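Geometric and topological summary
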Amino acid sequence: MIAWLNKRIKKMDVLDIGLIKWSVAAFILFLITIWPAAMTWVQSVNPWYFLVAFVVFMIRPFYRIYLK
């Protein structure tokens, strides 16, 4: 299974990865639009928590791309 997945991932380029990220963002927007409980949760959470999550998730890629 892992070998199959690695073989498929090697065929991807930067555009494919960017499109995957945009499709995930669009799906999340769709999800919070059609599911009222999700929209309520997003609006009730302090926005700084989302910024902290962004920074935590970006530490490793930033390090590997720019500092290593």
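Each remark here, short or long, concerns the structure printed above.
A brief look at the structure comes next. Keep in mind that this is a model prediction, so the values were computed, not measured.

**What to know about the overall build of the protein**
Regarding its fold elements, the protein presents four helices and zero strands. Scanning the protein from its N terminus toward the C terminus, one meets helices and strands in the order α-α-α-α. Referenced to the eigenvectors of the C-alpha coordinate spread, the extents of the protein come out at roughly 40 × 30 × 25 Å. When the accessible surface of the protein is totalled, it reaches about 6700 Å², and 75% of it is carbon and sulfur.

**As for the environment of Phe-57**
Among the structural elements, Phe-57 can be located in helix α4 (residues 47-67). In this structure Phe-57 comes out as exposed when scored by relative accessible area, which is 62%. Expressed as a C-alpha distance, the spacing of Phe-57 and Ser-44, which sit 13 residues apart in the sequence, is 22 Å.

**Some words on the layout of surface pockets**
Of the pockets and cavities examined, the largest pocket occupies roughly 240 Å³. In terms of lining, the largest pocket is formed by Ala-25, Ile-28, Leu-29, Ile-32, Val-42, Phe-50, Phe-54, Phe-57 and Met-58. A per-class count over the lining of the largest pocket returns nine nonpolar, no polar and no charged.

**As for the packing of aromatic side chains**
Given two aromatic rings, one states the distance between the centres and the angle between the planes to describe the pair. One pass over the structure, following the stated rule, counts three aromatic pairs. Centre to centre, the rings of Phe-27 and Phe-30 are 6.2 Å apart; their planes meet at 40 degrees, and the pair counts as tilted. Pair noted here: Phe-27 and Phe-30 are both in helix α2 (residues 14-34), with a separation of three residues, about one helical turn. When the ring of Phe-62 is compared with that of Tyr-66, the centres are 5.1 Å apart and the planes differ by 45 degrees; the resulting orientation is tilted.

**Topic: α4**
The end-to-end C-alpha distance of α4 is 28 Å, a good match for the 30 Å that 21 residues give at a rise of 1.5 Å each. Met-58 marks the point of greatest bend in α4, at about 40 degrees, and the proline Pro-61 comes within the next four residues. Little of α4 is tucked away: zero of the 21 residues are buried.

Rules used in this analysis
- Residues numbered from 1 in each chain as written.
- Predicted model: local features only at pLDDT ≥ 70, side-chain atom pairs only at ≥ 80, totals over all residues.
- Heavy atoms only, no water.
- Helix = DSSP H or I, 4+ residues; strand = E, 2+ residues; numbered from the N terminus.
- Areas by Shrake-Rupley, 256 points an atom, 1.4 Å probe, with all protein chains shown as cover.
- Buried < 20%, exposed > 50% of the residue type's maximum accessible area, 1.4 Å probe, protein only.
- 1 Å grid on protein atoms, 1.4 Å probe; cavity = no way out; pocket = protein on both sides within 12 Å on 5 of 7 lines; lining within 4 Å.
- Points joined across faces, edges and corners; volume = space filled by probe spheres on them.
- Nonpolar A, V, L, I, M, F, W, Y, C, P; charged D, E, K, R; others polar.
- Phe/Tyr/Trp six-rings, centres within 6.5 Å; stacked < 30°, edge-to-face > 60°.
- Expected span 1.5 Å × (residues − 1).
- Bend = angle between axes of the 7 residues up to and from the residue.

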